[in-house]
Amino acid sequence: MNVPTTEHGPAVAGFPFPFSRDQYRYSTNVEPSGTSHITAAGLWGEHRIVIDQNYHSELAERRRILDRDPSRHQCLEHMTPAAWDCMLTVMRDLAREHPEIMSLERTDSRWRWQNALLSVDDHFVLGDLSTLPAPPLVYIGSQIQEDVVLLDQRENQLWADAGLVTFAADWSFGFDVGMSFLQIHGPVPRVHTENVATRAQSFLMRLESGQSYRRTNWTLTVDGKLDTSTETYPDWGRDRRTLADGPLTAVGDRLSLRTEVQHLVRLANSDAVMFLIRTYLLPFRELATVPEWAERTHKVLEDLPFDMAEYKGITRTREPAMRWLRTYGGVSL
Ligand code: HEM
């Protein structure tokens, strides 16, 4: 497990608290990956793929979602080599970082992958689908907690042409597949006038083989739901209203700060860009055990302009969040 030990429990100690200032605005907020961020409660970021205390429960959740809705996995035909490349890159990462429980070996054209956490011991031939129990993205996606999107670079643009996304925050991979990077960011306010999307795309297109960067994104999520994709809106949309209309005492347990740690990696063999999205949910009751986080979260929520709050879907929940932080979370004005 990649979980730091401090006086806090693992969920708090390993939480990637996303705010480095008291104000949040969009920017091309990328940094090289692989170094740890020390936070007020612990640290995060040492590894690109993180295995934590939720490994088994999140993988079971992904399996349930995929069984119900296979469209969460998409791989346009020309992306098959990239999917294999992604699978092998992730296996190499895992085997390097967890040699006691995971290993990848090669004998001629046959590979052997072992993952003791899931009692997996499989042999495969790279590129031969018949040797894997599932397509490469589904196979590796059932062994890591991260969502993944693969982008093809052509015609001087990036195209989201493959992926496995079960924990989307208010978007749909099934809808976005095949779209360009700029089209996907079309609904995001401000990023076009402030050139964030075009600058981000130029940056990504210049990534060199093996280079790896990361950024964070955040929102608020009710009732610990990882799957808040467009497809399941009927299951989670009303939670925001019931939270806002319900008792304030419930907010500490029902509302979570949701951070996505996103990695951007140029795959060495296929030249595709691998976009890993790892979702962390921290209930406000636990967030408030770190006074610096409670204070800062309150300031960021209070300051966030309406269009950004609306796009993030937090116009109903940010008021109760702030009220709870002041009433029960130790925040004084
Ligand atoms: C440097 C890289 C990137 C930057 C700076 C960036 C920036 C952003 C920002 C600011 C948002 C709005 C988030 C919010 O308010 O919650 C967003 C949303 C989003 N981004 Fe990115 N992004 C990057 C890379 C990517 C990549 C590689 C993909 C892969 C396809 C992607 C897919 C999305 C999607 C699907 C959304 C939600 C769009 C919707 O609401 O329909 N982003 N991005």
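Shown above is the structure to which this text applies.
Residues numbered from 1 in each chain as written. Predicted model: local features only at pLDDT ≥ 70, side-chain atom pairs only at ≥ 80, totals over all residues.

### As for the overall build of the protein chain
For step 1, the next point in the chain: Secondary structure summary: the protein chain contains 14 helices and 12 strands in total.
For step 2, the next point in the chain: Here the protein chain has a C-alpha radius of gyration of 20 Å; the compact-globule value for 333 residues is 20 Å, and the two agree.
For step 3, the next point in the chain: Over its C-alpha atoms, taken along the principal directions, the protein chain stretches across nearly 65 × 45 × 35 Å.
For step 4, the next point in the chain: When each of the 333 residues of the protein chain is scored for burial, the buried share is 38%.
For step 5, the next point in the chain: For the protein chain, the share of sequence-separated contacts (at least 6 apart) that also reach a separation of at least 24 residues comes to 71%. (Helix = DSSP H or I, 4+ residues; strand = E, 2+ residues; numbered from the N terminus. Rg over C-alpha atoms; globule rule 2.2 N^0.38 Å. Buried ≥ 20, exposed ≤ 12 C-beta atoms within 10 Å, placed from the backbone. Contact = placed C-beta atoms within 7 Å.)

### A look at the site of the ligand
For step 1, the next point in the chain: Taken together, 23 residues lie near the ligand, and Y26, A160, W171, A200 and F275 sit nearest.
For step 2, the next point in the chain: Breaking the shell around the ligand down by element, the ones donating at least two residues are β8 (147–154), α7 (196–205), β10 (212–222) and α13 (306–312).
For step 3, the next point in the chain: It is α7 that provides the largest number of residues to the shell around the ligand, a total of 4 residues.
For step 4, the next point in the chain: Within the shell around the ligand, the residues separate by chemical class into 16 nonpolar, 4 polar and 3 charged. (Near = placed C-beta within 6 Å. Nonpolar A, V, L, I, M, F, W, Y, C, P; charged D, E, K, R; others polar.)

### Focus: the sheet that holds strand β11 (residues 255–266)
Backbone hydrogen bonds are what pair the strands of a sheet, in a parallel or an antiparallel way.
For step 1, the next point in the chain: Read from one edge to the other, the open sheet built from 7 strands follows the order β1-β10-β11-β12-β8-β9-β4, with strand pairing classed as antiparallel. Each of the sheet's edge strands pairs with one partner strand only, and the pair in question is β1 (31–32) and β4 (73–75).
For step 2, the next point in the chain: One ladder, built from 11 bridges, connects β11 with strand β12 (residues 273–283); its direction is antiparallel. Note on β12: the bridge partner recorded for T259 is Y280.
For step 3, the next point in the chain: In the packing of helix α3 (residues 80–97) onto the sheet, the strands contacted are β4, β8, β9 (157–164) and β12, and the crossing angle to β8 comes to about 135 degrees. (Pairing = 2+ DSSP bridges. Axes fitted to C-alpha atoms, helices over the stretch in contact; angles between N-to-C directions.)

### Considering the environment of M102
For step 1, the next point in the chain: Residue position: M102 is located in strand β5 (residues 102–107).
For step 2, the next point in the chain: For the pair M102 and A40, spaced 62 residues apart in sequence, the C-alpha to C-alpha distance is 31 Å.
For step 3, the next point in the chain: Setting aside chain neighbours within four positions, we find M102 in contact with L94, A95, Q114, N115 and A116.

All we've got here are geometric facts, nothing functional implied.
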